[in-house]
Amino acid sequence: MTVAVTDFTSAFPEFNDFTKYPPGQISFWLGQAYSTLNAHRFGTNLDLAAMLYTAHNIVLSARAAATAASSGIVGEATGPTASKSVGPVSIGYDVAAAAIAGAGIYNSTSYGQRFIKICHIVGAGGLYIPGNSYRANYNGDRRGYPR
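On a predicted model such as this, the values are computed, not experimentally measured, just so you know. (Residues numbered from 1 in each chain as written. Predicted model: local features only at pLDDT ≥ 70, side-chain atom pairs only at ≥ 80, totals over all residues. Heavy atoms only, no water.)

Digging into the packing of helix α4 (residues 46-69) against helix α6 (residues 110-123)
- Interhelical geometry of α4 versus α6 gives an angle of 150° and a closest axis separation of 8 Å. Considering the angle they form, α4 stands roughly antiparallel to α6. As α4 runs across α6, the sense of the crossing is left-handed. Facing Leu48, Ala49, Leu52, Tyr53, Ala55, His56 and Val59 of α4, the residues of α6 in contact are Tyr111, Gly112, Arg114, Phe115 and Ile118.
- Across the contact of α4 with α6, the residue classes tally to nine nonpolar, two polar and one charged. (Axes fitted to C-alpha atoms, helices over the stretch in contact; angles between N-to-C directions. Helix = DSSP H or I, 4+ residues; strand = E, 2+ residues; numbered from the N terminus. Parallel < 35°, antiparallel > 145°, perpendicular 65-115°, else oblique. Left-handed = near helix turned anticlockwise from the far one by under 90°. Contact = heavy atoms within 4.5 Å. Nonpolar A, V, L, I, M, F, W, Y, C, P; charged D, E, K, R; others polar.)

Brief notes about the nonpolar core
- Counting 27 residues, the largest nonpolar core has Phe8, Phe12, Phe15, Leu37, Phe42, Ile58 and Tyr111 as the members making the most contacts within it.
- Of all the secondary-structure elements, those providing two or more residues to this core are α1 (5-11), α2 (23-36), α4 and α6.
- Counting residues per element, this core draws most heavily on α4, at ten residues.
- Not counting chain neighbours up to four residues away, the residues in contact with Phe12 comprise Met51, Leu52, Tyr111 and Arg114. (Core = buried A, V, L, I, M, F, W, Y, C linked by side-chain atoms within 4.5 Å. Buried < 20%, exposed > 50% of the residue type's maximum accessible area, 1.4 Å probe, protein only.)

Some remarks on the packing of aromatic side chains
- Scanning the entire structure with this criterion turns up nine aromatic pairs.
- Measuring from centroid to centroid gives 5.4 Å for Phe15 and Tyr111, while their planes differ by 50°, and the two rings are tilted. Here Phe15 is found in the loop between α1 and α2, whereas its partner Tyr111 is found in helix α6, with 96 residues between them in sequence. We note that Phe15, like Tyr111, is buried.
- Arranged with centres 6.2 Å apart and planes meeting at 65°, the rings of Trp29 and Tyr53 form a pair that is edge-to-face. Pair noted here: Trp29 is in helix α2 and Tyr53 is in helix α4, with a separation of 24 residues, a long-range link. Neither residue differs from the other here; Trp29 and Tyr53 are each classed as buried.
- Aromatic ring contacts, followed pair by pair, group Phe8, Phe12, Phe15, Tyr21 and Tyr111 into a single cluster. (Phe/Tyr/Trp six-rings, centres within 6.5 Å; stacked < 30°, edge-to-face > 60°.)

Notes on the confidence of the model for the protein chain
- When pLDDT is averaged along the protein chain, the result is 81, and 71% of the positions lie at 70 or above.
- Mean pLDDT across the elements of the protein chain ranges from a minimum in helix α5 (residues 95-98), with 56, to a maximum in α1, with 97. (pLDDT = per-residue confidence, 0-100.)

Observations concerning α2
- For α2, spanning 14 residues, the distance from its first C-alpha to its last is 20 Å, which sits close to the expected 20 Å at 1.5 Å a residue.
- Buried residues in α2 make contact with α1 and α4. (Expected span 1.5 Å × (residues − 1).)

Encoded structure:
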C-alpha cells in the first residue's frame, strides 16, 4: 500500500499545517521513500518506515525554511544543540544520551531516529553462536550426539 498525504497527516497530525508543511512536499518525500526503501525487506513495516522517512525530511526542510526566513544560511549542516544561552539563562543537553550510534543525519530528528531503529530491525540478520553443536532427541537427551 502506498500512503497518501491524508494518511500521513492522520498518522502524524503535527504536520497538518499545510503552509508550513505543503502537501506537495509531503507527497514528494513519500514518493522518495517508496522508491528508496526495499518493500520486501521492510514487509509490513514499509508504510511506517516511509512515513518516518518523510517526516524526518520534512522537518529538515522546515528547518531550512525557518533559517531562510531569518536570513540565515540555508543548507548549513549542523548537529543537535548541546547548550544555549540567552542573557542570564542557559540550557544544555546531553545529546549523546539520545543519539543512536552510526545513525548520522537521522539523529537530527526524532523521526529519523525512529526510522533508523526500524532499519536496524529489518536489517538484522540471523544469529550464529559458535561452540559445540548437537542435536537433542525429542526428550532433550544428548546421548549419541557430539558434545
